[in-house]
Amino acid sequence: VTPDAFTYTSLLNVCWYCLSKTDTKHRLILSKYLFKECSKAGFVDDYVLGALKKVVTEEQYIQLVGSGEQNSSNLPSVWTRMIPKRLNGRKSVGSKYSKRE
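Parameters and conventions
- Residues numbered from 1 in each chain as written.
- Predicted model: local features only at pLDDT ≥ 70, side-chain atom pairs only at ≥ 80, totals over all residues.
- Heavy atoms only, no water.
- Axes fitted to C-alpha atoms, helices over the stretch in contact; angles between N-to-C directions.
- Helix = DSSP H or I, 4+ residues; strand = E, 2+ residues; numbered from the N terminus.
- Parallel < 35°, antiparallel > 145°, perpendicular 65-115°, else oblique.
- Left-handed = near helix turned anticlockwise from the far one by under 90°.
- Contact = heavy atoms within 4.5 Å.
- Nonpolar A, V, L, I, M, F, W, Y, C, P; charged D, E, K, R; others polar.

Draft legend 1. Just the packing of helix 2 (residues 24–41) against helix 4 (residues 58–65), in detail. Two numbers describe how helix 2 lies on helix 4: the axes approach to 11 Å, and their chain directions differ by 25°. In terms of their interaxial angle, helix 2 and helix 4 are classed as roughly parallel. For the pair helix 2 and helix 4, the crossing hand works out as right-handed. Of helix 4, the residues touching helix 2 (which contributes L28, K32 and F35) are Q60, L64 and V65. Of the residues in the contact of helix 2 with helix 4, the class split is four nonpolar, one polar and one charged.

Written as structure tokens, this is what we have:
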């Protein structure tokens, strides 16, 4: 099974719900690992960014993403290359990801 954007979003949400808010060390370690793997795989989307933003502090988020950006269309294309393009201003739905052109 290959992880996709939904997988990474879900795992980041597990960090948010299951790790104590005071355990910032483990939250950062896990979320940093998940985000790096997600960006390497090309599955960073708005949902991944939203989940990441909930888990880490603002400063940590900026360190990981490189800015306070919350819109995946403004990120490096290599991070989002596996996310389907938006159709008519709406997000594509489904689990069949194709490379962006």
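Draft legend 2. Examining the packing of helix 3 (residues 46–55) against helix 4 more closely. Where helix 3 contacts helix 4, the two axes come as close as 8 Å, and the packing angle between them is 140°. Between helix 3 and helix 4, the crossing angle belongs to the class labelled oblique. Regarding helix 3 and helix 4, the two cross each other, and that crossing is right-handed. Here helix 3 contributes L49, L52 and K53 to the contact with helix 4, which in turn contributes E58, Y61, L64 and V65. In the contact of helix 3 with helix 4, the residues fall into five nonpolar, no polar and two charged.

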